[in-house]
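# Fold and geometry: a report
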Amino acid sequence: MKVLTVVGARPQFVKAAAVSRELRRDHDELLVHTGQHYDDELSAVFFDELDIPRPDANLGVGSDSHGRQTAAMLSGLEAKIEAEKPDAVLVYGDTNSTLAAAIAASKMEPPLAHVEAGMRSGSDIPEETNRVLTDHAADLLLAPSPDALENLADEGLSEGVHFTGDVGYDALLWARERADRSVLSDFGVADEEFVLATVHRDTNADDPERLEAIVGALADDPRPVVLPAHPRTVARLEEFGLYETAERDLTLTEPVGYRQFVALLDAASVAATDSGGVQKEAFFLDTPCVTLREETEWVETVESGWNALVGADAAAIREALADATTPDEKPAPYGDGNAAKRIVEVLSDVA
């Protein structure tokens, strides 16, 4: 079996690493990087760290508006699928790379498989549009949770649906064993004595009032706050006159490698993030999470008390950070850490 896998952003590199290790035992994989994350700290370094081969092709699309970026990816991916004639096209998550590959594959021969099918936040953010359109174009819907299965059923999607569990859990288990804890001393922080924060979504980073509220609330926390900042977020901090405050009151740093990030997240007393992936990773690592959004696709983390949705309200952020505790119980809605094996089995049966 020959599978063409499409990735373009950090969370996809992490998930693809787990599946690629399993897939390449008995099958051929062509890994195509769209170039959506073009910064080396957010791209090439992850392939080294995650112990997977560099991409067989890089479209080098880079940053642009949603429409132009997706169009450029679509053109490049269509040519790759046509040239390589894979038995299946595999996509992850909810990025523009995901949608571009879905459109290209849906108009050609190979079946399209979507990892993280059925995830819904109920919002009108671009990622939600990408999820819905990709699911309705896909032949194989690989759902990570029971809630995702219900969402697919509610939309009339029943054929090709498989519960696999969350491949992010597979990746996290692998990385936790190899976590680079030297990063704690690099930043001068100790276990359970600091906040780990990430801010990158358009709704927060591109809105000066929301970004100011988030930075201010983080700065008010009495604990050290480590903020590995996406290059785009740094640019907005500078543009909105917030960089000096962030640099003075927070430990503002360049993006860290995945194994370093896992070490930080595992050791943090609480995480504050607008990332869907970090919410999940915090849950897997038993780290309470404060989510800087009004909604989440990972509803089980909220329902079980491990995650608090606070948006960009400064008072709510301060309160949630101060009150964050570890609940007495934790459910296991995302499988047992063997999602990659199940995904490859499904692909083998169909492709």
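Residues numbered from 1 in each chain as written. Predicted model: local features only at pLDDT ≥ 70, side-chain atom pairs only at ≥ 80, totals over all residues. Heavy atoms only, no water.

All right, on to helix α16 (residues 314-323) then. Listing the buried residues of α16 in full gives I317, A320 and L321. For α16, the angular spread of the buried residues around the axis is 100°, confining them to a single face. Residues of α16 that are exposed and point over 90 degrees away from its buried face: E319, A322 and D323. For α16, the elements touching its buried residues are β8 (195-198), α10 (208-220), β11 (270-273), β12 (289-291) and β13 (307-309). Put simply, D313 is the residue that caps the front of α16, since its side-chain oxygen is 3.2 Å from the backbone nitrogen of A315. (Buried < 20%, exposed > 50% of the residue type's maximum accessible area, 1.4 Å probe, protein only. Helix = DSSP H or I, 4+ residues; strand = E, 2+ residues; numbered from the N terminus. Arc of directions from axis to C-beta. Contact = heavy atoms within 4.5 Å. Polar contact = N/O pair within 3.5 Å; in protein donor to acceptor, adjacent residues only side chain to side chain.)

Another aspect to go through is the packing of aromatic side chains. As enumerated under the stated definition, the model contains 6 aromatic pairs in all. Taking the centre distance of 4.6 Å and the plane angle of 25° together, the rings of Y169 and F284 count as stacked. One end of the pair, Y169, is in helix α7 (residues 167-177); the other, F284, is in helix α14 (residues 276-284), and 115 residues separate them in sequence. Judged by centre distance (5.8 Å) and plane angle (85°), the ring pair of F283 and Y334 falls under edge-to-face. Within this pair, whereas F283 is found in helix α14, its partner Y334 is found in the loop between α16 and α17 (339-350), the two being separated by 51 residues in sequence. Take F283 and Y334: they sit in the same class, and that class is buried. Grouped by ring-pair contacts, the aromatic residues Y169, F283, F284, W298, W306 and Y334 constitute a single cluster. Above the face of the W174 ring, R21 is positioned so that its terminal group lies 4.2 Å from the ring centre. One Lys or Arg, K330, reaches over the ring of W306 and ends 5.7 Å from the middle of that ring. (Phe/Tyr/Trp six-rings, centres within 6.5 Å; stacked < 30°, edge-to-face > 60°. Lys NZ or Arg CZ within 6 Å of the ring centre and 35° of its normal.)

Structural measurements only, silent on function.
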